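So you can see what is in the structure, the chains are spelled out below.
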Amino acid sequence: MRKRLRGEAGFTLIEIMVVVFILGLLVTLVAPKIIGKTEEARRTAAKADVKAIEQALEMFHLDNGVFPTSADGLEALVTCPSSARNCLPDGYLKENKRDPWGNPYVFFTDGRHVLVKSYGADGHEGGDGHAADISSSSI
C-alpha cells in the first residue's frame, strides 16, 4: 500500500461505502412516506378548488338570479357572458382552472342548486380510491 503524503487528501473505499450505506438507509426510510402523499395532496387541492368554484357560482347566482348555462360553462366565472345582467368587473375567478390531473372541472345545475365535480385521477365519472370523483356534494 502506498502511504499518504502530507497535503494529499482523499477518502478510502470503506468511508465511501459507509456513506453510500447511510444514504441508502435514509432513502429506504423516507421515500415511502413522501411518495404516498402526492396523490393525497392532489385530492386536497381538488377539494379546495371545487369549493371555491361552488362559491363563485353561488355569487354569480346572487348577482344574476341564475347560474351560468352549460354553454357558458365555468368560463362565465372568469369573463362575464353576454347573457348575464350583472357581473363583477374582474370576474368571480381569476382563471378557468383545471384539476390537479389536468382535466377541466364540470358543473351541473337544475336552476336552484349547483354541483361542481372533478372526475379524479382517471378523468372519468365514477372510480374508486385515487380515481374517485370529488364533488361539492361530498365535501
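Residues numbered from 1 in each chain as written. Predicted model: local features only at pLDDT ≥ 70, side-chain atom pairs only at ≥ 80, totals over all residues. Heavy atoms only, no water.

(A) Broad picture of helix α1 (residues 13–35). If you check α1, its first and last C-alpha atoms are 32 Å apart, about what 23 residues at 1.5 Å a residue would give, namely 33 Å. Where α1 bends most, the angle comes to about 30°, and this point is L29, followed within four residues by the proline P32. The buried fraction of α1 amounts to zero of the 23 residues, a small share that puts the element mostly on the outside. (Helix = DSSP H or I, 4+ residues; strand = E, 2+ residues; numbered from the N terminus. Expected span 1.5 Å × (residues − 1). Bend = angle between axes of the 7 residues up to and from the residue. Buried < 20%, exposed > 50% of the residue type's maximum accessible area, 1.4 Å probe, protein only.)

(B) Up close: the pattern of salt bridges. Under the definition given, this model contains five salt bridges. The shortest N-O distance in the salt bridge between K97 and D49 comes to 3.1 Å. Here D49 lies in helix α2 (residues 37–64) and K97 lies in the loop between α2 and β1 (106–109), a separation of 48 residues in the sequence. Note that D133 is salt-bridged to K117, the shortest N-O span being 3.5 Å. Within this pair, whereas D133 is found in the loop between β2 (114–118) and β3 (134–135), its partner K117 is found in strand β2, the two being separated by 16 residues in sequence. The exposure classification of D133 matches that of K117, with both residues buried. What you see here is one network of salt bridges that share partners, running through K117, E125 and D133. (Salt bridge = Lys/Arg side-chain N within 4 Å of Asp/Glu carboxyl O.)

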